[in-house]
Amino acid sequence: MATATSFVPVRRWIAPRSRPTGGVLSWKAAADHRGQKHTVVHIAVGCLLLVLGVAVPLWASTESAAIAGSRAEDRPLEIVSGITYRAGARLKIPGTEWSFVVPERWQSNRPDDAEMPFLLPEEGNELGMIFPLTEVSREAVREQLSQPLSLLHGLSFVPAGPGVETDASIAQSYQGEEMAGRALAVFGSGNTAVIYFLMGPPQEASAFHSILEQLGQSTRFGDPGSGRDVGL
C-alpha cells in the first residue's frame, strides 16, 4: 500500500479491517491509517540506520527517556511514548488485549507518532517490529511469510529456506544484501495472530531464534491465563 510519501512498502502481513479473512494483506504496523505514514517513515529510518551501521536506540535518548521496571507482571503495562521498557516488562500490544514480555538484553520504545512499539537491543544494530493481525487465516499468513519483503532504499529480504511450522506458530528466515531477518507468526483464537519480525547484520542473526522464542512463549491473547507456549 503506497503512502503519502515517496516510499512504497511491501504489501504484506496485515489484513485491513474492512476486508474478510483471506483477503489481500498489507504491510503496516499501525491499526489505523492515521499512524501508517509515520510508522512507515520510522521503519524506513530504522532500516537505513541499520544499513549504515549507526547504533540504536533510534527514538529516545537515554537522558530523556524514563525507564520502566524490568520485572514481568501478570497485568500488562499500557505502552506510553517516551518511556523505554527494559527486559522483563510485560507490554500490552496497542489496539488489542494481547501482550508480550520484552526479551532478555532488549528494550522497547514507542515513538510519539507511531501506533506500535519497536524492539531494540541494549547493544547492537538490530531492530524488531510487531504486527498484530485480525481476521486473517493461517493459510494467508503462511503464504505471506513465503514471499519476498521489500522496504525502501533498496532494502529487501527473500525467504531463506523453508518455514518452520508448529500448531501455534510459523517461523521464517530471510536474507538480504545487507542484513538478515527472521519472522515469527504466533496464532491466537478466532483468526488472530501477531508477527514479530527481527532484522540486523548477518553476524547477529544467530540470536534471532532465541529472541523470537522468548517473544512467542510470552505472548498472551487475552487474559493472563491464556498464554500459549510456542516452539520454533
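All of these numbers come straight from a predicted model, not from anything done at the bench.

A. The pairing of strand β9 (residues 156-159), seen in detail. Alignment of strand β8 (residues 149-150) against β9, held across two bridges, turns out to be antiparallel. Following the sheet pairing, L149 is matched in β9 by F157. Sheet topology places β9 next to strand β11 (residues 169-175); two bridges connect them, and they run antiparallel. Note that in β11 the partner of V158 across the bridge is Q175.

B. Representation of unusual backbone geometry in the model. The phi dihedral of R105 is positive, around 65°, even though this residue is not glycine. By secondary structure assignment, the location of R105 is in the loop between β4 (98-101) and β5 (106-109). The exposure class assigned to R105 is exposed, which follows from its relative accessible area of 60%. In this model, E135 sits at a positive phi of 55°, which is unusual for a non-glycine residue. Using a relative accessible area of 38% as the deciding quantity, one classes E135 as partly exposed.

C. Fine view of the environment of A168. Among the structural elements, A168 can be located in the loop between β10 (164-165) and β11. For A168, a relative accessible area of 7% puts it in the buried group. Sequence separation between A168 and A193 is 25 residues, and the spatial gap between their C-alpha atoms is 9.6 Å.

D. Structural view of the sheet that holds β4. In space, the three strands of this open sheet follow the order β3-β4-β14, with antiparallel pairing throughout. Bordering the open sheet on either side are β3 (90-92) and β14 (220-221), each of which pairs with just one other strand. Seen against the sheet, helix α3 (residues 208-218) touches β3, β4 and β14 and runs at an angle of roughly 140° to β4.

E. Summary view of the nonpolar core. One finds V141, L145, F157, Y174, I195, F197 and M199 to be the most contacted residues of the largest nonpolar core, which totals 24 residues. Broken down by secondary-structure element, the contributors of at least two residues to this core are β6 (118-121), β7 (127-133), α2 (138-145), β11, β12 (180-187) and β13 (193-200). Ranked by size, the runner-up nonpolar core spans 23 residues in total, among them W106, L184, V194 and L198.

F. Region of the structure containing the packing of aromatic side chains. In total, this model carries four aromatic pairs according to the counting rule given. Pairing Y174 with F197 gives two aromatic rings, centres 5.9 Å apart and planes at 75°, and the pair type is edge-to-face. Highlighted residues: Y174 in strand β11 and F197 in strand β13, separated in sequence by 23 residues. The burial state of Y174 is the same as that of F197; both residues are buried. Through a chain of ring-to-ring contacts, the aromatic side chains of F157, Y174 and F197 assemble into a single cluster.

G. Quick look at the confidence of the model for the protein. Confidence in the prediction of the protein, expressed as mean pLDDT, is 74, and 63% of residues score 70 or more. Long-range and interchain partners of residues 1-45, a stretch whose pLDDT sits below 50, account for 109 contacts in this model, where long-range means more than four residues apart. Note on residues 47-66: pLDDT is under 50 here. Beyond four places in sequence and across chains, it has 43 contacts.

H. Molecular detail of the side chain of T96. Tracing the backbone through its elements, the reader meets T96 in the loop between β3 and β4. Separated by 2.8 Å, the side chain of T96 and the backbone oxygen of I93 make a polar contact. A polar atom in the side chain of T96 sits 3.0 Å from the backbone nitrogen of W98.

I. Inspection of α2 at higher detail. Buried within α2 are the following residues: A140, V141, Q144 and L145. Relative to the axis of α2, the buried residues are bounded by an arc of 130° and lie together on one face.

J. A look at the pattern of salt bridges. Going through the model one piece at a time under the given rule, you end up with four salt bridges. For K92, the salt bridge goes to E97, with nearest N and O atoms at 3.4 Å. Residue classification places E97 among the exposed positions, given a relative accessible area of 54%. A salt bridge links R142 to E165, with the nearest nitrogen and oxygen atoms 2.8 Å apart. One end of the pair, R142, is in helix α2; the other, E165, is in strand β10, with 23 residues separating them in the sequence. Look at E165 and you get partly exposed, because its relative accessible area is 38%. Taken together, the shared-partner salt bridges connect E78, K92 and E97 into one network.

The rules behind each value
- Residues numbered from 1 in each chain as written.
- Predicted model: local features only at pLDDT ≥ 70, side-chain atom pairs only at ≥ 80, totals over all residues.
- Heavy atoms only, no water.
- Pairing = 2+ DSSP bridges.
- Helix = DSSP H or I, 4+ residues; strand = E, 2+ residues; numbered from the N terminus.
- Buried < 20%, exposed > 50% of the residue type's maximum accessible area, 1.4 Å probe, protein only.
- Contact = heavy atoms within 4.5 Å.
- Axes fitted to C-alpha atoms, helices over the stretch in contact; angles between N-to-C directions.
- Core = buried A, V, L, I, M, F, W, Y, C linked by side-chain atoms within 4.5 Å.
- Phe/Tyr/Trp six-rings, centres within 6.5 Å; stacked < 30°, edge-to-face > 60°.
- pLDDT = per-residue confidence, 0-100.
- Polar contact = N/O pair within 3.5 Å; in protein donor to acceptor, adjacent residues only side chain to side chain.
- Arc of directions from axis to C-beta.
- Salt bridge = Lys/Arg side-chain N within 4 Å of Asp/Glu carboxyl O.

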